[in-house]
Amino acid sequence: MRVWSVQMENRIDFVNWLDPDMSIQILTCLDDLSDLLRVTCVSRCWRQYVIANGLCRQLCLRMFPQLSKVVHVVEQRYGTKDPAEVGSSNFMEWQNLEREHRAYAFLARGCTTFPIRDLISEPICASSTDNYPEESIDNTLEPRDVVAQRASYWSSKGNSNPAEPEMLLYKLMGDLCVITEVSIQPFEAYFQWGLPIYSAKAVRFRMGHPKSPVDVPLGESYKDYENKFIWTYTSQEFPMAQENRLQTFKLPEPVLCIGGFLLIELLGRVQRQDMDGLFYICVSHVQIMGRSLSPAFGIESPEPSGRFALKVLSYAQPTLDDPSLIQSAYLRRRVGQIINILRGNAVDVVEYEWGEEDDESDDEFVL
């Protein structure tokens, strides 16, 4: 016991002994949230040091530079109080620092531990659609090429210029999402001679939020909305193969999508249709994979400059079977398919082909 007490007496608390800038440089070398949180458990002094210097916020900024646009943190679980009711300005400032510490610590954990899923909430619009609604962007949520004995895909309008791009706009499952990869499957026209595949030459992705709430009428073109978004991230160009398979485009590093909208830019056309001699781009399926930070986090009052408030709605860890995170895309897809059938010629309506995932549903389906 005597040896142990002597060793403890000879140890030095570098946080108190070193220059503050040097201590911060040492602690910012910790790039794992778990290590940083262990530091706060060493002593009350170390915890106060981590909170006072916003080290959890700095860790999040290193992970996602887009968070530099956060102006302040809001916790929904706490009501706003008058400063006179709460105490001195120093006490208020410390409360703000603790609030930021809690929020950024949970945000860093969420960005690495929340469940990975397909993040598409709903398709918004396309830059053009050849035959609406039979060839609408809604069909890109369906992984199958054929639904109810009908081809399922989105098609652009034909264009004589092979360099003319197309865009597909999607709403994600939450205002804040960490995107890791996007997968796109070009459509193979199995009903045309030669089985042509209407892929793009390359793809690029943009992420951001609208300048004002988006309300897109059915069939509206993205061209009417292209100047109404603030894009906080633009990816590199990825070459696309002219192959009928789900092609995955992995981002160089995970990207925080602020605002919950992702734009797919389809750059260049490779396939001309024999019937009219025009170039088309057709997509049968799209997946956007990553982690939704909803319902734990949201954003408040995004400005044209891109600045926003980070809103903490809950400190609960979501799971894959969390009812608030169950994807609504499945239901929208089913309803959309029924609507498309009802809009078609009644002679062409056939019995619906339920997939294996529908085996446990009701035995009889009645329109």
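Everything quoted here is computed from the prediction, not taken from an experiment.

Q: Is there a simple way to explain the pairing of strand S16 (residues 282-292) in this structure?
A: Along any regular strand, the residues point their side chains to alternate faces of the sheet. Taken across its 11 residues, S16 has 10 buried, putting it largely inside the fold. Summarising the sheet, strand S2 (residues 116-118) and S16 pair through three bridges and their orientation is antiparallel. Residue pairing across strands places Ile116 opposite Arg291, the latter belonging to S16. With nine bridges connecting them, strand S8 (residues 176-186) and S16 associate as antiparallel partners. Each bridged residue has a counterpart across the sheet, and for Val182 the counterpart in S16 is Ile288.

Q: What should I look at first to understand the packing of aromatic side chains in this one?
A: Aromatic rings considered in pairs are described by the distance between their centres and by the relative angle of their planes. In total, this model carries 14 aromatic pairs according to the counting rule given. For the ring pair Tyr153 and Phe187, a centre distance of 4.0 Å and an interplane angle of 10 degrees mean the geometry is stacked. One end of the pair, Tyr153, is in the loop between strand S5 (150-151) and strand S6 (154-155); the other, Phe187, is in the loop between S8 and strand S9 (200-210), and 34 residues separate them in sequence. Each member of the pair, Tyr153 as well as Phe187, is classed as buried. Here Phe187 and Tyr190 contribute two aromatic rings whose centre-to-centre distance is 6.3 Å and whose plane-to-plane angle is 70 degrees, an arrangement assigned as edge-to-face. The ring of Phe261 has Lys171 sitting right over it, with the charged end atom 5.3 Å from the ring centre.

Q: Would you explain helix H4 (residues 33-40) in this entry?
A: Three- or four-residue spacings in an α-helix give side chains the same orientation, since the helix completes a turn every 3.6 residues. Looking only at H4, the buried set comprises Leu33, Leu36, Val39 and Thr40. The arc that holds the buried residues of H4, viewed along the axis, is 115 degrees, so those residues lie on one side.

Q: Help me out: how do you make sense of the environment of Glu300 in this one?
A: With respect to the helices and strands, Glu300 occurs in strand S17 (residues 297-300). You can call Glu300 partly exposed: its relative accessible area is 27%. Along the chain, Glu300 and Val70 lie 230 residues apart, while their C-alpha atoms are 9.9 Å from each other. Sequence-distant contacts of Glu300, defined by excluding residues within four places in its chain, comprise Val74, Phe308, Ala309 and Lys311.

Q: Help me out: how do you make sense of the side chain of Thr129 in this one?
A: Along the chain, Thr129 falls in the loop between strand S3 (120-126) and strand S4 (146-147). Relative accessible area serves as the criterion here: at 18%, Thr129 is assigned to the buried category.

Q: For this particular structure, what's the right way to read the pattern of salt bridges?
A: Once the charged atoms of two side chains with opposite charge are near each other, the side chains can pair. Evaluation of the coordinates by the stated rule reveals nine salt bridges. Arg206 is paired through a salt bridge with Glu265; the nearest N and O atoms lie 3.0 Å apart. Taken together, the residues span a long stretch of sequence, with Arg206 in strand S9 and Glu265 in strand S13 (residues 261-269) at a distance of 59 residues. Among the charged side chains, a salt-bridge network with shared partners connects Arg204, Arg206, Glu237 and Glu265.

Q: Could you clarify how one ought to interpret the confidence of the model for the protein in this entry?
A: Close inspection of predicted coordinates is inappropriate for parts of the model with low pLDDT. Per-residue confidence for the protein gives a mean pLDDT of 80, with 73% of residues at or over 70. Every residue in residues 79-85 scores below 50 in pLDDT, and together they form one contact with partners more than four places removed in sequence or on other chains. This model gives residues 345-367 a pLDDT under 50, and the stretch forms 24 contacts once residues within four places in sequence are excluded.

Q: What is the right way to read the state of the cysteines from this model?
A: In a disulfide, the sulfur atoms of two cysteines are covalently bonded to one another. Counted under the stated rule, the structure contains zero disulfides. Looking at Cys56, it has no disulfide partner, and the nearest cysteine sulfur is the one in Cys60, 7.0 Å off. Overall, the relative accessible area of 1% leaves Cys56 in the buried class.

Q: Where do I start with the nonpolar core in this structure?
A: Ranked by size, the top nonpolar core spans 32 residues in total, and within it Tyr104, Leu107, Leu176, Leu256, Leu293, Phe297 and Leu310 carry the most contacts. If you tally residues by element for this core, the top one is helix H8 (residues 89-113), at seven residues. Beyond its immediate sequence surroundings of up to four residues, Leu293 is in contact with Leu107, Gly110, Cys111, Phe114, Leu176, Val178 and Leu256. Core analysis: the next-biggest nonpolar cluster, separate from the first, contains 31 residues, Trp154, Phe238, Met240 and Cys257 among them.

Q: When you look at the packing of H4 against helix H5 (residues 44-52) in this model, what are you seeing that I'm missing?
A: Two elements in contact, H4 and H5, have axes separated by 7 Å at closest approach and are oriented at 130 degrees. Here H5 runs oblique to H4, going by the angle between their axes. Contact with H4, carried on its side by Leu36, Val39 and Thr40, involves Trp46, Arg47 and Val50 of H5 and no other residues of that element. Taken together, the residues of the contact of H4 with H5 sort by class into four nonpolar, one polar and one charged.

Q: Explanation requested: the environment of Pro210 in the structure shown.
A: Secondary-structure assignment places Pro210 in strand S9. Through-space distance from the C-alpha of Pro210 to that of Glu303 is 9.8 Å; in sequence the pair is 93 residues apart. Non-local contacts of Pro210, meaning those with residues more than four positions away in its chain, are made with Lys228, Phe229 and Phe261.

Q: Is there a simple way to explain the side chain of Gln66 in this structure?
A: Assignment of secondary structure puts Gln66 in the loop between helix H6 (55-63) and strand S1 (70-75). Classification of Gln66 as buried rests on a relative accessible area of 14%. Not counting the four nearest positions on each side in its chain, Gln66 is found in contact with Thr232, Tyr233, Val255, Leu256, Ile258 and Phe308.

Q: How should I be thinking about the sheet that holds strand S18 (residues 308-312) in this particular structure?
A: Sheet strands pair by backbone hydrogen bonding; their relative direction is either parallel or antiparallel. Taken together, the three strands give an open sheet; going across it, the order is S1-S18-S17, and neighbouring strands pair in mixed fashion. Two strands lie at the open edges of the sheet, namely S1 and S17, each paired on one side alone. Put simply, the sheet's adjacent strands are angled 30 degrees from each other on average, direction ignored. Bridge count for S1 against S18 is five bridges, and the pairing is parallel. Counted as the bridge partner of Val74 is Lys311 from S18. Packing against the sheet, H8 makes contact with S1, S17 and S18, and its axis sits at approximately 95 degrees to S1.

Parameters and conventions
Residues numbered from 1 in each chain as written. Predicted model: local features only at pLDDT ≥ 70, side-chain atom pairs only at ≥ 80, totals over all residues. Heavy atoms only, no water. Buried < 20%, exposed > 50% of the residue type's maximum accessible area, 1.4 Å probe, protein only. Helix = DSSP H or I, 4+ residues; strand = E, 2+ residues; numbered from the N terminus. Pairing = 2+ DSSP bridges. Phe/Tyr/Trp six-rings, centres within 6.5 Å; stacked < 30°, edge-to-face > 60°. Lys NZ or Arg CZ within 6 Å of the ring centre and 35° of its normal. Arc of directions from axis to C-beta. Contact = heavy atoms within 4.5 Å. Salt bridge = Lys/Arg side-chain N within 4 Å of Asp/Glu carboxyl O. pLDDT = per-residue confidence, 0-100. Disulfide = S-S within 2.5 Å. Core = buried A, V, L, I, M, F, W, Y, C linked by side-chain atoms within 4.5 Å. Axes fitted to C-alpha atoms, helices over the stretch in contact; angles between N-to-C directions. Parallel < 35°, antiparallel > 145°, perpendicular 65-115°, else oblique. Nonpolar A, V, L, I, M, F, W, Y, C, P; charged D, E, K, R; others polar.

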